[in-house]
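# Inside the fold
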Amino acid sequence: MGSRGCINRCCYCGEQPYWKVYRFRRAGNVLRELEHHIATTGVRHFHFCDSLINGNMRELDALLDLIIERNLSIIWYGMAAIRKEMTFEVLEKMKRAGCLQINYGVESG
């Protein structure tokens, strides 16, 4: 998990009772955890259980840069909200960083 909660405040969402505010971990912290799992278990497939991997675009971008710089060679998945900041360039960088699938909340459209 790289974050908890959501930046949106949809009245029908079940996140609100559990996570009052959106909280995120820094990219370096998430990277160290990924590297730990690779080193100790050999796992290279990760599913981010965050409700929103793109809630903090700056940290997402920093994580992508770190994964690419370290050449981690991982495959990962996550859930995201539809945002104008999710440009083609960001999606392309996510692919280079090993992102294989993004699940969008249909209701967030």
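Given the structure is predicted, the values throughout are model-derived calculations rather than measurements.

For the rest of this paragraph, the subject is the sheet that holds strand S3 (residues 45-47). Note on sheets: strands pair through backbone hydrogen bonds, and any given pair is parallel or antiparallel. Pairing in this open sheet of three strands is parallel, and the strands run S3-S4-S5 from one edge to the other. At either margin of the open sheet sits one strand with a lone partner, and together these are S3 and strand S5 (99-104). Taken over all neighbouring pairs, the strand axes of this sheet differ in orientation by 15° on average, direction set aside. The pairing of strand S4 (residues 75-80) with S5 spans five bridges and is parallel. Following the sheet pairing, Gly-78 is matched in S5 by Ile-102.

Within the largest apolar cluster, 23 residues are counted, with the highest numbers of intra-cluster contacts made by Leu-34, Ile-67, Ile-74, Trp-76 and Met-94. Counting residues per element, this core draws most heavily on helix H2 (residues 57-70), at six residues.

To continue, consider unusual backbone geometry. At Asn-71, a position not held by glycine, the phi torsion is positive, near 50°. Along the polypeptide, Asn-71 turns up in the loop between H2 and S4. One non-glycine residue, Ser-73, lies in positive phi territory at about 55°. Looking at where Ser-73 falls in the secondary structure, it is placed in the loop between H2 and S4.

With that settled, the discussion passes to the packing of helix H1 (residues 27-41) against H2. Between H1 and H2, whose axes approach to 8 Å, the crossing angle comes to 40°. The pairing of H1 with H2 is recorded here as oblique in orientation. The crossing of H1 and H2 is right-handed. Contacts from Ala-27, Gly-28, Val-30, Leu-31, Leu-34 and Glu-35 of H1 reach H2 at Glu-59, Ala-62, Leu-63, Leu-66, Ile-67 and Arg-70.

So, on to the state of the cysteines. Per the counting criterion, the structure on display carries zero disulfides. With no disulfide of its own, Cys-49 lies 14 Å from the sulfur of Cys-99, the closest cysteine sulfur. With relative accessibility at 51%, the residue Cys-49 sits in the exposed group.

The next point concerns the packing of H2 against helix H3 (residues 88-96). Running from N to C, H2 and H3 cross one another at 40°; their axes reach a closest spacing of 9 Å. With respect to each other, H2 and H3 are oriented oblique. For the element pair H2 and H3, the recorded crossing hand is left-handed. On the side of H2, the interface is formed by Met-57, Leu-60, Asp-61, Leu-64, Asp-65 and Ile-68, while H3 contributes Val-90, Lys-93, Met-94 and Arg-96.

Conventions adopted
- Residues numbered from 1 in each chain as written.
- Predicted model: local features only at pLDDT ≥ 70, side-chain atom pairs only at ≥ 80, totals over all residues.
- Heavy atoms only, no water.
- Pairing = 2+ DSSP bridges.
- Helix = DSSP H or I, 4+ residues; strand = E, 2+ residues; numbered from the N terminus.
- Axes fitted to C-alpha atoms, helices over the stretch in contact; angles between N-to-C directions.
- Core = buried A, V, L, I, M, F, W, Y, C linked by side-chain atoms within 4.5 Å.
- Buried < 20%, exposed > 50% of the residue type's maximum accessible area, 1.4 Å probe, protein only.
- Parallel < 35°, antiparallel > 145°, perpendicular 65-115°, else oblique.
- Left-handed = near helix turned anticlockwise from the far one by under 90°.
- Contact = heavy atoms within 4.5 Å.
- Disulfide = S-S within 2.5 Å.

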